[in-house]
Amino acid sequence: MSVSHKVGTMKSKQVSSFVMQDEEEGLDTAEGEEWMQGKTLVKPPDQLDLTEAELNEEITRVLKASNPNAPQNVVRYSFKEGCYKPIVFVDQMAIHFELEGNLVHKESDEGRRLMAKQAEVDDGGGVERPDNVAIKAAKREQKLTNQFNFNERASQTLNNTPRDISCQTEPPPRANFSATANQWEIYDFYVEELQRREKSKEKHEGQFLNKEEDKSKKKMIQAETQNDDISQLAKAVKIIERMVNQNIFDDVAQDFMYFEDASDEFRGEKGTLLPLWTFQYDKAKSLSVTALCWNHKYNDLFAVGLGSHEFTQQGGGMLLFYTLKNPSYPEFIFNTASGVMCLDIHEHLSYLVAVGLYDGCVAVYNLKKKTDQPIYNSRASSGKHTSAVMQVKWQKDDLDSNHNFISVSADGRLVSWTLVKHELVFTEIIKLPVIDTIPDDLKDVIPTVGTSLDFHKQKDYSFLVGTEHGKIHKGSKYYSSKFLEKYDAHFMNVTRVKWNPFHPDVFISCGWDWMVKIWDQTMKSPVFTFELKTSVTDVAWAPYSSTVFAAVTTDGKVHVFDLNINKYEALCQQKVVSKKTKLFNIEFNPVHPIIIVGDDRGHVTSLKLSPNLRKKPKEKKGQDLPKGPEVEIAKMEQLLSSMR
Amino acid sequence: MAETVDGKKEDADYKRLQSFPLIRHTDMPEEMRVETMELCVTACEKFASNNESAAKMIKESMDKKFGSSWHVVIGEGFGFEVSHEVKNLLYMFFGGSLAVCVWKCS
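Cut-off values and rules
Position labels on residues start from 1 in each chain and follow its written sequence. Chain letters and ligand numbers both follow the written order, the letters beginning at A and the numbers at 1. Reporting of local features is limited, given that this is a predicted model, to residues whose pLDDT is at least 70; pairs of side-chain atoms are given and counted only at 80 or more, and all residues count toward the totals for whole chains, interfaces and linings. With hydrogens and water excluded, all non-hydrogen atoms of the structure serve as input to the side-chain values. UniProt positions are given in the numbering used here, feature names are shortened, and annotations may be inferred rather than shown by experiment. Helix and strand definitions here come from DSSP, where helices need a minimum of 4 consecutive H or I residues and strands a minimum of 2 consecutive E residues; each element is numbered from the N-terminal end. Each residue is assigned to one of three classes by its accessible area relative to the maximum for its type, calculated with a 1.4 Å probe on protein chains only: buried under 20%, partly exposed between the two thresholds, exposed over 50%. Note on definitions: a residue-residue contact is assigned when non-hydrogen atoms from the two residues lie within 4.5 Å. Using the Shrake-Rupley algorithm and a 1.4 Å probe, accessible areas are obtained, with residue cover drawn only from the displayed protein chains. Should DSSP find at least two bridges between two strands, the strands are taken to pair. Only the stretch in contact is used when fitting a helix axis, every axis being a line fitted to C-alpha atoms; angles between N-to-C directions are given from 0 to 180 degrees. Throughout this description, any angle smaller than 35 degrees is read as roughly parallel, any larger than 145 degrees as roughly antiparallel, any in the 65 to 115 degree range as roughly perpendicular, and the remainder as oblique. Take the far helix as the reference: if the near one is turned anticlockwise from it by less than a right angle, the crossing is left-handed, and if turned clockwise, right-handed. Three classes are used: nonpolar for Ala, Val, Leu, Ile, Met, Phe, Trp, Tyr, Cys and Pro, charged for Asp, Glu, Lys and Arg, and polar for all others, with Gly counted as polar. In this description, the arc belongs to the directions extending from the helix axis to the C-beta atoms. On a range of 0 to 100, pLDDT expresses the predictor's confidence in each residue. The working definition used for a salt bridge is a side-chain nitrogen of Lys or Arg within 4 Å of a carboxyl oxygen of Asp or Glu. Put simply, a nonpolar core is a bunch of buried Ala, Val, Leu, Ile, Met, Phe, Trp, Tyr and Cys residues held in one set by side-chain atoms that sit within 4.5 Å of each other. The quantity reported as buried area is the accessible area (1.4 Å probe) lost by two parts once they are put together, taken as the sum for both.

As named in an unreviewed UniProt entry, chain B is Dynein light chain, taken from Cyprinus carpio.

Under an unreviewed UniProt entry, the name given to chain A is Dynein axonemal intermediate chain 1, and the source organism is Cyprinus carpio. In the Function (unreviewed entry) part of its UniProt record, chain A is described as follows: "Part of the dynein complex of respiratory cilia." The Sequence similarities (unreviewed entry) comment attached to chain A in UniProt states, word for word, "Belongs to the dynein intermediate chain family."

Draft legend 1. Spotlight on the overall build of chain A. A count of helices and strands for chain A gives nine helices and 31 strands. Evaluated residue by residue, chain A yields a buried proportion of 40% over its 644 residues. Taking the contacts inside chain A whose residues are at least 6 apart along the sequence as the reference set, 48% of them involve residues at least 24 apart. By element, 54% of the accessible surface of chain A is carried by carbon and sulfur atoms, the whole surface being about 40900 Å².

Draft legend 2. Quick peek at the sheet that holds strand β2 (residues 70-75) of chain B. Ordered in space as β1-β4-β5-β2 (chain B), the four strands form an open sheet in which the pairing is antiparallel. Looking along the sheet, the strands with just one partner apiece sit at the ends: β1 (22-26) and β2 of chain B. The mean inter-strand angle of the sheet, taken between neighbouring strand axes irrespective of direction, is 15°. One ladder, built from six bridges, connects β2(B) with strand β5 (residues 98-104) of chain B; its direction is antiparallel. When the bridges of β5(B) are listed, Val72(B) appears paired with Val102(B). Contacts between helix α5 (residues 183-206) of chain A and the sheet are confined to β1, β4 (89-94) and β5 of chain B, with β1(B) contributing the most and set at about 105° to the helix. Most of the contacts of helix α3 (residues 51-66) of chain B go to β2(B), to which it runs at about 155°, and overall it touches β2 and β5 of chain B.

Draft legend 3. Region of the structure containing the sheet that holds strand β5 (residues 288-294) of chain A. All names here are of chain A. The antiparallel open sheet is built from four strands, whose spatial order is β5-β6-β7-β8. Sheet topology places β5 and β8 (332-336) at the edges, where each strand pairs with a single neighbour. Across the sheet, the axes of successive neighbouring strands diverge by a mean angle of 20°, strand direction being ignored. As paired strands, strand β7 (residues 317-323) and β8 are joined by five bridges and run antiparallel to one another. Looking across to β8, one finds that Phe-321 is bridged to Phe-332.

Draft legend 4. Structural context of the packing of helix α2 (residues 30-46) of chain B against α3(B). Residue and element names in this part refer to chain B. At a closest axis distance of 8 Å, the pairing of α2 and α3 adopts a crossing angle of 150°. Here α2 lies roughly antiparallel to α3, going by the angle between them. For the crossing formed where α2 meets α3, the hand is right-handed. The residues of α3 that touch α2, namely those facing Met-32, Glu-35, Thr-36, Leu-39, Cys-40, Thr-42, Ala-43, Cys-44 and Lys-46, are Ala-54, Met-57, Ile-58, Ser-61, Met-62, Lys-65 and Phe-66. The residue inventory of the contact of α2 with α3, partitioned by class, reads 10 nonpolar, three polar and three charged.

Draft legend 5. Structural context of helix α8 (residues 250-258) of chain A. Residues and elements named next belong to chain A. Three or more residues of α8 are buried, namely Val-252, Ala-253 and Phe-256. The arc that holds every buried residue of α8, seen down its axis, measures 100°, which confines them to one face. Exposed and oriented more than 90 degrees from the buried face of α8 are Asp-251 and Tyr-258. Turning to α8, the residues buried within the fold contact β4 (273-279), β30 (594-599) and β31 (604-609).

Draft legend 6. Just the confidence of the model for chain A, in detail. Residues and elements named next belong to chain A. Mean pLDDT over chain A stands at 78; residues scoring 70 or higher make up 80%. Across residues 209-219 the pLDDT falls below 50, and counting only partners more than four positions away or on other chains, this stretch makes 28 contacts in the model. Contacts of residues 619-627 to residues separated by more than four positions or lying in other chains number five contacts, the stretch itself having pLDDT below 50.

Draft legend 7. Structural view of the pattern of salt bridges. Evaluated as defined, the whole model comprises 17 salt bridges over all chains. Arg24(B) is paired through a salt bridge with Glu185(A); the nearest N and O atoms lie 3.7 Å apart. Separated into two different chains, Arg24(B) in strand β1 and Glu185(A) in helix α5 make up a pair that spans both. Of the charged contacts in the structure, one is a salt bridge between Arg196(A) and Glu193(A), with a shortest N-O distance of 3.2 Å. A residue pair is termed a helical-turn pair when its members lie 3 or 4 positions apart in one helix, as Arg196(A) and Glu193(A) do in helix α5 at three residues. Residue Arg196(A) is classed as partly exposed on the basis of its relative accessible area, which comes to 43%.

Draft legend 8. Local environment of the nonpolar core. Residues and elements named next belong to chain A. Formed by 22 residues in total, the largest nonpolar core has its most connected members in Trp-277, Phe-302, Val-304, Leu-306, Leu-324 and Val-604. Mapped onto this core, the elements with two or more residues apiece are α8, β4, β5, β6 (301-307), β7 and β30. Setting aside residues no more than four positions away along its own chain, Val-304 makes contact with Val-289, Ala-291, Leu-292, Met-318, Leu-319, Leu-320, Tyr-322, Leu-343 and Val-604. Within the second largest apolar cluster, 21 residues are counted, among which are Val-548, Ala-550, Leu-571 and Ile-595.

Draft legend 9. Expanded view of the interface of chain B and chain A. If you look at the interface, chain B gives 32 residues, while chain A gives 21 residues. Carbon and sulfur atoms make up 60% of the surface buried where chain B meets chain A, a total of about 2400 Å² over both sides. Between chain B and chain A we count one salt bridge in total. Elements with a contribution of two residues or more to the side of chain B that touches chain A: α1 (2-17), β1, β3 (78-85), β4 and β5 of chain B. Counting residues per element, the side of chain B that touches chain A draws most heavily on β3(B), which supplies eight residues. In terms of residue class, the side of chain B that touches chain A is made up of 17 nonpolar, 11 polar and four charged. Where strand β3 (residues 174-181) of chain A and β3(B) come together, eight bridges link them in antiparallel fashion. Each residue of the ladder has a partner; that of Thr180(A), found in β3(B), is Gly79(B).

Laid out in structure tokens, this is it:
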């Protein structure tokens, strides 16, 4: 059977019908018998219905090699002949399927090009192709441009060798902490804290020590948490001031501590006084020094009372406190309404200072308080002295543990003042006896001026009072009507009377009659008498020896005596101030070998005693010092009895 | 009667007296300590009823200010043991009954 196929076309229904038909026919004729049993003939709906005769008709088909679709009547225009000509031979090729390939022949140009490209790519990988060299050669041939002018240069810089560095930081340090948070713990802690705060408040009030602090106390300054920055600054500034002063007066400070006059060995018995610092205050220029007192607790602090001795020249007064650590400016300055005549610092409570004024008032200052005013003032209370207070001395606390002090004044009364809460309560102790020369009716009016007062070191009920008339009265606190003893000491004013710090019976007195006299209280006449050519204004015993004392006179000289060494002459008579300056006060420092002297210009000069003046009495080992002098006093007694 | 009145007064007093912020233990430097304490007080006052929010506020602020990994515990009754970076621990009381513990550990 001949079948014609169409190119690449979908099978149409007609074709399928042909195919089906053929298949059916084929099936029918070939294997008709087998299929006849089970199958019924399936007829497509558009099958041609042919008669039997038509069905049996033979149709002849012929296969040709010619393309039935090729055109058989192609006509082309021929330019040569200028007309259309039919083309006989038509291409009979029928292309059923065409697919463009991508295979390239190796030897062709394109193939070679492609292979060269491939070679370049593969060069880095180190893949060699046999065609590479050829390709490269071809390339190089291309690159060699101008052999004469063209120059190729290449260089390679030195590359630093790369190194690996790694680092690991230390992790921040850790610590463990554990605690429990309970209600009771919290409460307890709060209560503690409140207590602590209260304590610190109390401390803060009482802790402000106005006295100079050692430089080691700087730590305390930092510990005291002050809200006030200025006050903290003030303390720092104070320390700096002291340091600056120490630097300025460095040589003086060195002398004070270490200098011992070597020439004393060659001087025999005599000694000298080495001037150290001079203390002066601008505003005190017109005032003269009337009182000096060392502080017992802080051995470099001393008080200076300034006023005027002259009756006609009374103005204000001042109370200054200097420390050896700062010679250029006083530590404390108090202004008083009238001139200060005397002052005393309490032995144990070294912040309490009693002053006696020219107008008869007494006042007590508390150095701890920052105010300028005295805490007690006898101005308001009755019983104040009607005349200048010449001497004040602190006493031991009375039975109610109130502080008290005794004053003697120019109105002839000895009064005890007690510090009770906010007042000064006065108690009259005794009135100085009037001298005989005054007529009876004036006895009440004209008092005996008491000029000096001193209490015994051991038996503090016993005291001595010096008067303007030159008498010294010995009294006792227990007897308020009478004095125990009277000594005709001087012809003029007794300026100072002082008990010997060691010997219980010996005292010294000095006066305007140029004399210094040493007494034994049991005897009516003095044991030793020294004449010093001008009025003696003050005398003081040395704290380190019972036989050493010093006196100052109005000619500006200081006289130092040691009875152990020389009974008749001073070991040192030295003028320490400029001409026409009178010296009024002298005090020995309780610890250091220095003395301070006050003059009428308001200056205080400090002097160091040379070794000759400081010779301690020879003591046998194990013997206390007081006993030593007693041996000497006994010697003195012997001398005296021999003199009698 | 008077006693109960006094008792009440005392309680009120104690509450007033003891509600100030009080540092129980710290090894922080001064500035850091002050700042942290103020932050804790602010947070606790702001979130008085919610400890978690207060702690969150504190922790986030501390992380921002002083670096990462702070831990904060606020409460009225707890015990603890922690490892902390040195100089980065604050343990304080506040409000009479609150305890705050702040520490850094990365």
